[in-house]
6 protein chains.
Amino acid sequence: MWKYEKKLEYPVNITKKDLKMAKAMLAQYGGPDSELSAALRYLNQRYKMPDEKGFALLTDIGTEEIAHWEMIATIALQLMKGATIEELKANGLEGVYAQHDRSLFPTDANGVPFTTAYIESTGDFWGDLESDMAAEQRARATYEHLINLTNDPDVIAPLSFLRQREVVHYNRFKELRDYYLTKYDKDSYD
Amino acid sequence: MWKYEKKLEYPVNITKKDLKMAKAMLAQYGGPDSELSAALRYLNQRYKMPDEKGFALLTDIGTEEIAHWEMIATIALQLMKGATIEELKANGLEGVYAQHDRSLFPTDANGVPFTTAYIESTGDFWGDLESDMAAEQRARATYEHLINLTNDPDVIAPLSFLRQREVVHYNRFKELRDYYLTKYDKDSYD
Amino acid sequence: MWKYEKKLEYPVNITKKDLKMAKAMLAQYGGPDSELSAALRYLNQRYKMPDEKGFALLTDIGTEEIAHWEMIATIALQLMKGATIEELKANGLEGVYAQHDRSLFPTDANGVPFTTAYIESTGDFWGDLESDMAAEQRARATYEHLINLTNDPDVIAPLSFLRQREVVHYNRFKELRDYYLTKYDKDSYD
Amino acid sequence: MWKYEKKLEYPVNITKKDLKMAKAMLAQYGGPDSELSAALRYLNQRYKMPDEKGFALLTDIGTEEIAHWEMIATIALQLMKGATIEELKANGLEGVYAQHDRSLFPTDANGVPFTTAYIESTGDFWGDLESDMAAEQRARATYEHLINLTNDPDVIAPLSFLRQREVVHYNRFKELRDYYLTKYDKDSYD
Amino acid sequence: MWKYEKKLEYPVNITKKDLKMAKAMLAQYGGPDSELSAALRYLNQRYKMPDEKGFALLTDIGTEEIAHWEMIATIALQLMKGATIEELKANGLEGVYAQHDRSLFPTDANGVPFTTAYIESTGDFWGDLESDMAAEQRARATYEHLINLTNDPDVIAPLSFLRQREVVHYNRFKELRDYYLTKYDKDSYD
Amino acid sequence: MWKYEKKLEYPVNITKKDLKMAKAMLAQYGGPDSELSAALRYLNQRYKMPDEKGFALLTDIGTEEIAHWEMIATIALQLMKGATIEELKANGLEGVYAQHDRSLFPTDANGVPFTTAYIESTGDFWGDLESDMAAEQRARATYEHLINLTNDPDVIAPLSFLRQREVVHYNRFKELRDYYLTKYDKDSYD
């Protein structure tokens, strides 16, 4: 079970409205390589890791991804804050407004609802951990795209933090994969 | 952000294999009225509650629903534990096995991937809180169906606990709705 | 079975083109809380209402929702009437045009095809009627958003009529729920 | 707008439970070539027929398809009537029961929610009417498959009626297509 | 099996950037009536044609549609080539960029992932071939819409070629249908 | 463009009907880690590989995956050949039959239509090639599950061939990734 602590993993203080950026942020809120995908992927896979070490790592990273999802929500909402109807229309968000007012909804950046078709679970540690490494690379690339879309240092700071965490996660998943390949003598196919 | 505590909200100790029941449990793992729907619905909506009281309640219940999701995973995995290929086939699970071995995947009980099309977010507290009350009623009904599908007291005990939590949540959402209707003088339409 | 009567439930006479508004109207044509969702939800659920009174009410409202769906189609088409290719492009509708010319298609306001994942059916009258009440609240909120997106009195008039009908439906569903709670002595959980 | 008349287009009186057949019937309730697809396809396309004759035909057939959808619901429910939990399990319906009790839900026969991705609307009468003719052929084939799945004359009778209606609709769409090809001198491509 | 030949079926040499047109091209890359739909529809159906003649035709056209899919990719990429971040934003493509940089992804023109819900397979040659004829008509209409969206002769040339191929395919499917109707004496329903 | 050669990459000669196995084979026909996913993933990504070497490898493997898709179709159809209605029902395939007779349809093993939500394209070679390596590992695991589901040597032979090809592809993607990491001096993050 989980305990909520009322603070963000990294502070978010954005004061400049940017509706196009808010829309792009949905890539990480409900898109294919979003923090939501990441959280559900690891929390779902963890039961089939071959030992407690794997269970613990996937639980740990999965839990952190929920905290990242919360940061993404905060960034997107601060970027939208105080948007007028006219501003929403000028940025092509009349449809989003019609359905959700200025609330968030877990879709990708095109408005497509999130689906677990984005995540993987094979019950095979090698298949799963390679998938996790790949997912972290895609999430890193997504953060780089998002950083390219803005000049606002208040947005760049948390995005850079999040990008860096993906690099750390990639390396931790890689270490675990390598550890298991050795432990289970799978360094070559048979 | 969240902290993981390595224990279940309510203990799960199932020793009798029941593959049909494991499959039915997916209704609560990735189905329309699942614990996953519930967690994402409340954690997503909380930012648009009109005050801190609402934010806190939705965070609190949303966090508890992730813990319920974890209980559901544990129940489903214990029900499948040790299943042979022949048993999987005899229960129509050859397709699930082909795709995921004996690991879990967040689909509904028919194998359809979870989608956030199941959840709601209007940015209108009345619309959202009625939706939350309704979701709790549907989750309660789903638990009653699941309880009807088994005779195993080790399965019934956690399911009864979870059903009871839905009743509690329904009442808490209802109190919050009523509090806001009074506070914002919305007891009648205009 | 149904008989078609060639008139709208409420007249629609829009002469001012507004492509952004046409796009936003799709929220009610094929979106999560659309008239299409409403019609299918009630016509599907009606068979499991516990008595003829419930069957009749859900049939009645479900039938009216199809008529509302027809009104929405008429509004959206009148708002698009005579749009040139350049106007479509200027409003980001080049993709819609490529796939459908100026015809309608039952998607949400972002272009996502309608799915019955948006509707509910538990076979439990309490779960279903609360879901119906919540759906009417969300539809009401959606109409309020749509009204906020336009200044054209010819658009506002039918939208206000439709919003008002949702309020009426909410109250009728609430009365039925309360009647059943008393009739079946379900005023408290057991 | 529509008026409901409380009778079926063709009587349905099934007394023999057949859960496998009930499940197969979902092909016509929420499947790709279902009566629901048909109704929404024609009612959506009708606005772009080039004249009143086309509008009237598509409205007429679309309205009849809603009545067929109602017949399908009635057939499926009568086939499921009185099913025990054990019978549901023996027919692989434990998942359907968990989510919906014995109520219907608009999915295909595998449990996949209905989507308007199944229907077509090009704004081009030739494209649309050929699509309608093709849809009627697929619906006819589906009814033939359903008839092959049962020996119960009480089920076969309404299914044969419905199959026959598809043949009639195919011919009416074909006549309209041919009429327009002549009227608009489109008998050859340019 | 297939052999790749490194040339396009028809040359594509576009030098003028047009991001709105690139987005509209997705209608043919991953939309309902796209070349991808066409390829998968025919290659999937071919096994159930009643004789070798049908198998060969569907294989032949299906294989050509993959080559058309490759042409569409080339057109879309050339239309996007060298797009700056500011240009992407000005055309509402910030979300596409966030998720995919300037790479392609098989979605429709609204960003909805491709699904085989768009294709048909009844195992009935009449149903299938009418569906194929209808699909070619819809693809023809889509190409006409795309041609209407541009003035660039370098874009119009390959689109006109592709439109013309749909007309040829329509006629070849029609001939096969008519041949089978005679061969199997199905010129009238029974 | 592609040329079809009328032979399979590896011979398939199955004479023993096995409907459960046919259903499980759909995992590779239209499932998340299917040959269809693989073909579309590589053919879509190839345009953004940084040089001709990458384009050629992805085209090559993508083309081979279409040939594998064809083998999967052949295996599944041979496993279903001659199935009676009673046999289809006994294996829970009455729904598949209702919708498709005994033809194939690109769904996963639970009947869920294929979607490109299963594939990835980031425009970042590292992200894409890690995703491709992971996809090959998942496909390998899927083949191992399928092999576990049968004792028929005529089924095992082509499945073992296909599993082996995934291993080869994994290594080729890995070599390409390593080559690019060196070439572009990306052996560490910055």
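Just so it is clear, the model here is predicted, and its values are computed rather than measured.

A. The arrangement of the overall build of chain A in detail. Within chain A, the secondary structure is distributed over seven helices and one strand. Ordered by position from N to C terminus, the α and β elements of chain A give β-α-α-α-α-α-α-α. Against the 2.2 N^0.38 benchmark of 16 Å for 190 residues, chain A shows a C-alpha radius of gyration of 18 Å, consistent with a compact globule. If one aligns the C-alpha atoms of chain A with their principal axes, the spans along those axes are about 60 × 35 × 30 Å. Residues counted as buried form 69% of the 190 residues belonging to chain A.

B. Looking closely at the relation of the copies chain D and chain B. Structural alignment of chain D on chain B gives an RMSD of 0.0 Å, achieved by rotating through 120° and translating 0.0 Å along the axis. Those values place the two copies in the arrangement expected of a three-fold rotation axis. Relative to the rotation axis, the closest C-alpha in chain D is found at Val 112 of chain D, a distance of 3.6 Å.

C. Focus on the interface of chain D and chain B. Taken residue by residue, the interface counts 15 residues in chain D and 15 residues in chain B. Surface buried jointly by chain D and chain B totals about 1400 Å² across both partners, of which 56% is contributed by carbon and sulfur atoms. Where chain D packs against chain B, one counts two salt bridges. Note that Lys 20 of chain B and Glu 94 of chain D form a salt bridge whose closest N and O atoms lie 3.9 Å from each other. Viewed at the interface, chain B and chain D are joined by nine residue pairs in polar contact (both at pLDDT 80 or more). Among the secondary structure elements, those contributing two or more residues to the side of chain D that touches chain B are α4 (85-90) and α5 (94-100) of chain D. Classifying every residue of the side of chain D that touches chain B gives six nonpolar, six polar and three charged.

D. Looking closely at helix α3 (residues 52-80) of chain B. Residues and elements named next belong to chain B. Between its first and last C-alpha atoms α3 spans 42 Å; for 29 residues at 1.5 Å apiece the expected length is 42 Å, and the two agree. Summarising burial for α3: 24 of the 29 residues are buried, a large majority. Here α3 starts with a cap whose side-chain oxygen sits 3.3 Å from the backbone nitrogen of Lys 53, and that cap is Asp 51. With its phi angle positive at about 80°, Gly 82 sits one or two positions after the end of α3.

E. Structural view of the packing of helix α6 (residues 125-148) of chain A against helix α7 (residues 153-183) of chain A. Residue and element names in this part refer to chain A. Relative to each other, α6 and α7 sit at 165°, their axes nearing to 9 Å. Between α6 and α7, the angle is such that the two are roughly antiparallel. As α6 packs across α7, the resulting crossing turns out to be left-handed. When its residues are assigned to classes, the contact of α6 with α7 shows 17 nonpolar, three polar and nine charged.

F. Here's a closer look at the environment of Gly 123 of chain D. Mapping Gly 123 of chain D onto the fold places it in the loop between α5 and α6 (125-148). Residues Gly 123 of chain D and Glu 35 of chain D, spaced 88 residues apart in sequence, show a C-alpha to C-alpha distance of 22 Å. In this view, Gly 123 of chain D contacts His 100, Asp 101 and Ser 103 of chain C together with Lys 48 and Asp 128 of chain D; residues no more than four positions away in its chain are not counted.

G. Looking closely at the arrangement of the chains. One finds no contact between chain A and chain D; the C-alpha atoms of the two approach each other to within 14 Å at their closest. At the C-alpha level, the nearest point of chain B lies 14 Å from chain E, with no contact between them.

H. Summary view of the relation of the copies chain B and chain A. Here chain B sits on chain A after a turn of 180° about the axis and a move of 0.0 Å along it, with an RMSD of 0.0 Å. Put plainly, the chains are arranged around a two-fold axis. Distance from the rotation axis, computed per C-alpha, reaches its smallest value in chain B at Thr 115 of chain B: 2.1 Å. The overlap is high: 100% of the interface residues of chain B also sit at the interface in chain A, so the same surface is used on both sides.

I. View of the interface of chain B and chain A. On the chain A side, the residues contacting the 46 residues of chain B number 46 residues. Both faces considered, chain B and chain A share a buried interface measuring about 3900 Å² in area, 63% of it formed by carbon and sulfur atoms. The interface formed by chain B and chain A holds four salt bridges in total. In this structure, the salt-bridge partner of Glu 5 of chain B is Lys 3 of chain A, at a minimum N-O distance of 3.5 Å. The interface formed by chain B and chain A holds 27 residue pairs in polar contact (both at pLDDT 80 or more) in total. At the level of elements, β1 (2-4), α2 (35-45), α3 and α5 (94-100) of chain B are the ones that each hand at least two residues to the side of chain B that touches chain A.

J. Local environment of the packing of aromatic side chains. Residues and elements named next belong to chain A. The full count for this structure, using the stated rule, is 66 aromatic pairs over all chains. Each member of the aromatic cluster is reached from another via a ring pair, and the members are Phe 125, Tyr 179, Tyr 180 and Tyr 184. Over the aromatic face of Tyr 179 sits the side chain of Lys 53, whose NZ or CZ is 4.6 Å from the ring centroid.

K. Molecular detail of the pattern of salt bridges. Within the structure shown, the criterion is met by 114 salt bridges over all chains. Arg 140 of chain F serves as the salt-bridge partner of Glu 144 of chain F, at 3.1 Å between the closest nitrogen and oxygen. A residue pair is termed a helical-turn pair when its members lie 3 or 4 positions apart in one helix, as Glu 144 of chain F and Arg 140 of chain F do in helix α6 (residues 125-148) at four residues. The class for Glu 144 of chain F is partly exposed, based on a relative accessible area of 22%. Residue Arg 140 of chain F is classed as buried on the basis of its relative accessible area, which comes to 2%. Taken together, the shared-partner salt bridges in this structure form one network comprising Asp 33, Arg 41, Glu 120 and Arg 138 of chain A.

L. The packing of helix α2 (residues 35-45) of chain E against helix α3 (residues 52-80) of chain E, seen in detail. Residues and elements named next belong to chain E. As a packed pair, α2 and α3 sit with axes 8 Å apart at the nearest point and diverge in direction by 160°. By the angle between their axes, α2 is roughly antiparallel relative to α3. Taken as a pair, α2 and α3 cross one another with a handedness that is left-handed. Touching Glu 35, Leu 36, Ala 38, Ala 39, Tyr 42, Leu 43 and Gln 45 of α2 are Leu 58, Thr 59, Ile 61, Gly 62, Thr 63, Glu 65, Ile 66, His 68, Trp 69 and Ile 72, all from α3. A breakdown of the residues in the contact of α2 with α3 according to their chemical character gives 10 nonpolar, five polar and two charged.

M. Looking closely at the confidence of the model for chain A. Averaged over chain A, the pLDDT score is 96; the fraction of residues at 70 or greater is 98%. Model confidence for the complex: the whole-complex pTM is 0.97, and ipTM, which rates the interface, is 0.96.

N. Up close: the environment of Lys 6 of chain C. Tracing the sequence through the fold places Lys 6 of chain C in the loop between β1 (2-4) and α1 (19-30). Overall, Lys 6 of chain C belongs to the exposed group, its relative accessible area being 57%. For the pair Lys 6 of chain C and Pro 153 of chain C, spaced 147 residues apart in sequence, the C-alpha separation works out to 24 Å. Contact partners of Lys 6 of chain C, with chain neighbours within four places excluded, come to Glu 52 and Phe 55 of chain D.

O. Highlighting the environment of Asn 148 of chain F. Turning to its location among the elements, Asn 148 of chain F is positioned in helix α6. Setting aside chain neighbours within four positions, we find Asn 148 of chain F in contact with Ile 85 and Tyr 97 of chain B.

Parameters and conventions
- Residues numbered from 1 in each chain as written.
- Chains lettered and ligands numbered in written order.
- Predicted model: local features only at pLDDT ≥ 70, side-chain atom pairs only at ≥ 80, totals over all residues.
- Heavy atoms only, no water.
- Helix = DSSP H or I, 4+ residues; strand = E, 2+ residues; numbered from the N terminus.
- Rg over C-alpha atoms; globule rule 2.2 N^0.38 Å.
- Buried < 20%, exposed > 50% of the residue type's maximum accessible area, 1.4 Å probe, protein only.
- Least-squares fit on C-alpha atoms with pLDDT ≥ 70 in both.
- Contact = heavy atoms within 4.5 Å.
- Buried area = accessible area lost by both parts, 1.4 Å probe.
- Salt bridge = Lys/Arg side-chain N within 4 Å of Asp/Glu carboxyl O.
- Polar contact = N/O pair within 3.5 Å; in protein donor to acceptor, adjacent residues only side chain to side chain.
- Nonpolar A, V, L, I, M, F, W, Y, C, P; charged D, E, K, R; others polar.
- Expected span 1.5 Å × (residues − 1).
- Axes fitted to C-alpha atoms, helices over the stretch in contact; angles between N-to-C directions.
- Parallel < 35°, antiparallel > 145°, perpendicular 65-115°, else oblique.
- Left-handed = near helix turned anticlockwise from the far one by under 90°.
- Phe/Tyr/Trp six-rings, centres within 6.5 Å; stacked < 30°, edge-to-face > 60°.
- Lys NZ or Arg CZ within 6 Å of the ring centre and 35° of its normal.
- pLDDT = per-residue confidence, 0-100.

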